[in-house]
Amino acid sequence: MKRFGERDFRLGLALESMSSSPIDSAYSQIKSMRVRGAGRIARAAVSALRTYSEEGRFSTAKDFYLGLSEAGERLKSARPTAVSLPNAVNYVLAAARRNDSKGISTREAVKRILTVCDGFVASSLKAVETIGDYGARRIRDGDVIMTHCNSEAATAVFVTAQKMGRKFEVIATETRPRFQGRITASALARRGIDVSLIPDSAARVYMRKVDFVLVGADAITANGAVVNKIGTSQVALTAHETRARFYVAAETYKLSGTTMTGELVEIEHRSPYELVPRAWLDANKGVRVENPAFDITPPEYVDLIITEKGIFPPQGIVFLMKELYDEPKAE
Ligand code: RUB
């Protein structure tokens, strides 16, 4: 799989921004899922804020701050379930707020935000690499691992394990309705990893030979529940039944801090036309098509969450969250 890098994204932005702003371009790329996957979404949003900061003409530092805040709010609304998106945007906006309170020049405020954006993107990429290292150590020769959807963090684990010389097999569910499992299968096959693609509905049939499941996450709540692509919780339930372990690979900016104070993670519902053609629905007007994009796997079905800060049982996530939220924020 050609990795969708930040340079590609900026190039995409450059082309699209001929007709619209970098924020509009990023919003539509994220919304339409041309940019997808929680980590990529976060980096795309931050890269768009960077471009906005770099290219904008702001008469005062206050104008810059207000414009950036508005841009951030728009980006956040593109995909509600990927907590990485508001977390990434809020990281930039928090720095902008601190700058605003210091009364620095416009030029200096922009410069500082560019540094913050670059720092976020670099640390996000580094986190995926670290997760790859930590997760790969869990793979032994002969393991059979099931995965669902397409996760950069989970893929990093497989790729690193292969580089370490581990011999293992991956079973990828196709992940209806948008078939992100095909992206995973083709990426792994291209790297010479033994992979098979199965229908989602065959997960239970194949689970008997599986040692563990490894998926990514869009959000992780304070009680260690995992929000990920629709179908993940069924795979987890099946793994639980056959006592296969269930691992999650996720960067810490997918931790949903607001769930510590009782907020719920919003589950995105997408267009019915991802499931059926418009003509079919027109001919069957009595049918209501439901298309939730994500589901929630309860912590009871999760064994370990692999982050760049270490590997945690789901019950340990709340302590990690407290530690991260108490950390002083970087400039
Ligand atoms: C993607 C999905 C991925 C997570 C984690 O859903 O559910 O498992 O986003 O991915 P969609 P990553 O295709 O709807 O965006 O590890 O790449 O952040």
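For the structure itself, look to the data block above.
Definitions and limits used
- Residues numbered from 1 in each chain as written.
- Predicted model: local features only at pLDDT ≥ 70, side-chain atom pairs only at ≥ 80, totals over all residues.
- Heavy atoms only, no water.
- Helix = DSSP H or I, 4+ residues; strand = E, 2+ residues; numbered from the N terminus.
- Rg over C-alpha atoms; globule rule 2.2 N^0.38 Å.
- Contact = heavy atoms within 4.5 Å.
- Areas by Shrake-Rupley, 256 points an atom, 1.4 Å probe, with all protein chains shown as cover.
- Axes fitted to C-alpha atoms, helices over the stretch in contact; angles between N-to-C directions.
- Parallel < 35°, antiparallel > 145°, perpendicular 65-115°, else oblique.
- Left-handed = near helix turned anticlockwise from the far one by under 90°.
- Nonpolar A, V, L, I, M, F, W, Y, C, P; charged D, E, K, R; others polar.
- Buried < 20%, exposed > 50% of the residue type's maximum accessible area, 1.4 Å probe, protein only.
- Polar contact = N/O pair within 3.5 Å; in protein donor to acceptor, adjacent residues only side chain to side chain.
- Right-handed = clockwise from strand over helix to strand, strands pointing away.
- Pairing = 2+ DSSP bridges.
- Core = buried A, V, L, I, M, F, W, Y, C linked by side-chain atoms within 4.5 Å.
- Phe/Tyr/Trp six-rings, centres within 6.5 Å; stacked < 30°, edge-to-face > 60°.

K.L.:
Hey, could you run me through the overall build of the protein in this one?
P.N.:
Helix and strand counts for the protein come out as 12 helices and 10 strands. For a compact globule of 331 residues, the expected C-alpha radius of gyration is about 20 Å, and the protein comes in at 20 Å, within 12% of that figure. C-alpha atoms of the protein, sized along the principal axes, occupy 65 × 50 × 40 Å. Across the protein, the fraction of contacts at a sequence separation of at least 24, relative to all contacts at a separation of at least 6, is 76%. When the accessible area of the protein is evaluated, it comes to approximately 15,300 Å², of which 53% is carbon and sulfur surface.

K.L.:
Would you explain the packing of helix H6 (residues 106–136) against helix H7 (residues 152–163) in this entry?
P.N.:
How two helices sit against one another is set out by the angle between their axes and by the gap between those axes. Their axes nearest at 7 Å, the elements H6 and H7 cross at an angle of 55°. Classified by the interaxial angle, the pair formed by H6 and H7 is oblique. Crossing hand, H6 versus H7: right-handed. Each of Val128, Ile131, Gly132, Asp133, Gly135 and Ala136 in H6 lies in contact with H7, whose residues at this interface are Glu152, Ala153, Ala156, Val157, Thr160 and Ala161. Taken together, the residues that form the contact of H6 with H7 break down as seven nonpolar, three polar and two charged.

K.L.:
What is the right way to read the environment of arginine 176 from this model?
P.N.:
For arginine 176, the position within the fold is in the loop between strand S2 (169–173) and helix H8 (180–190). With a relative accessible area of 49%, arginine 176 lands in the partly exposed category. In the structure, arginine 176 is positioned 117 residues away from alanine 293 in sequence and 9.7 Å away in space, judged by C-alpha atoms. Not counting residues within four places of it along the chain, the set of residues in contact with arginine 176 comprises Asp200 and Ile230. Within the structure, arginine 176 has its side chain in polar contact with the side chain of glutamate 174 (distance 2.9 Å).

K.L.:
Before we go on, may I ask you to explain unusual backbone geometry in this structure?
P.N.:
A negative phi angle characterises most non-glycine residues, just as the trans form characterises most peptide bonds. Residue arginine 176 is joined to proline 177 through a cis peptide bond whose omega torsion reads 5°. Mapping proline 177 onto the fold places it in the loop between S2 and H8. Even without glycine at this site, methionine 33 takes up a positive phi of about 70°. The residue methionine 33 is located in the loop between helix H2 (22–31) and helix H3 (38–55) in this model. One non-glycine residue, arginine 243, lies in positive phi territory at about 60°. Residue arginine 243 is classed as exposed on the basis of its relative accessible area, which comes to 77%.

K.L.:
What am I meant to see in the pairing of S2 here?
P.N.:
Remark: a regular strand shows side chains that alternate across the two faces of the sheet. Of all five residues making up S2, five are buried, and the element is well covered by its neighbours. Residues of S2 alternate between two faces, with Glu169, Ile171 and Thr173 on one and Val170 and Ala172 on the opposite face, all of them buried. For the handedness criterion, the β-α-β arrangement of strand S1 (residues 144–147), H7 and S2 is classed as right-handed. Inspection of the sheet shows S2 paired to strand S3 (residues 194–198) by five bridges, in the parallel sense. When the bridges of S3 are listed, isoleucine 171 appears paired with serine 196. Between the parallel pair S2 and S3, the chain is carried across by H8, and the sense of this crossover is right-handed.

K.L.:
Any chance you could explain the nonpolar core here in plain terms?
P.N.:
Side chains that are nonpolar tend, in soluble globular proteins, to be buried together. Counting 39 residues, the largest nonpolar core has Leu49, Leu68, Leu75, Val92 and Ile113 as the members making the most contacts within it. Contributions of two or more residues to this core are made by H2, H3, helix H4 (61–76), helix H5 (84–102) and H6. The element best represented in this core is H3, accounting for nine residues. Among residues more than four places away in sequence, those in contact with leucine 68 are Leu49, Tyr52, Ser53, Val92, Leu93, Ala96 and Ile113. In this structure, Met146, Val215, Ala239 and Leu255 belong to the second largest nonpolar core, which totals 29 residues.

K.L.:
Before we go on, may I ask you to explain the packing of aromatic side chains in this structure?
P.N.:
The geometry of an aromatic ring pair is captured by two quantities: the separation of the ring centres and the angle between the planes. Counted under the stated rule, the structure contains six aromatic pairs. Ring centres of phenylalanine 58 and phenylalanine 64 lie 4.8 Å apart, and the angle between their planes is 55°; on these two criteria the pair is classed as tilted. Assessed through its relative accessible area of 19%, phenylalanine 58 is described here as buried. A residue is classified by how much of its surface remains accessible, and phenylalanine 64, at 2% relative accessible area, is buried. For the pair phenylalanine 158 and phenylalanine 168, a centre-to-centre distance of 6.2 Å together with 25° between the ring planes defines the contact as stacked. You can see phenylalanine 158 sitting in helix H7 and its partner phenylalanine 168 sitting in the loop between H7 and S2, a full 10 residues away along the chain. Each of the two residues, phenylalanine 158 as well as phenylalanine 168, counts as buried.

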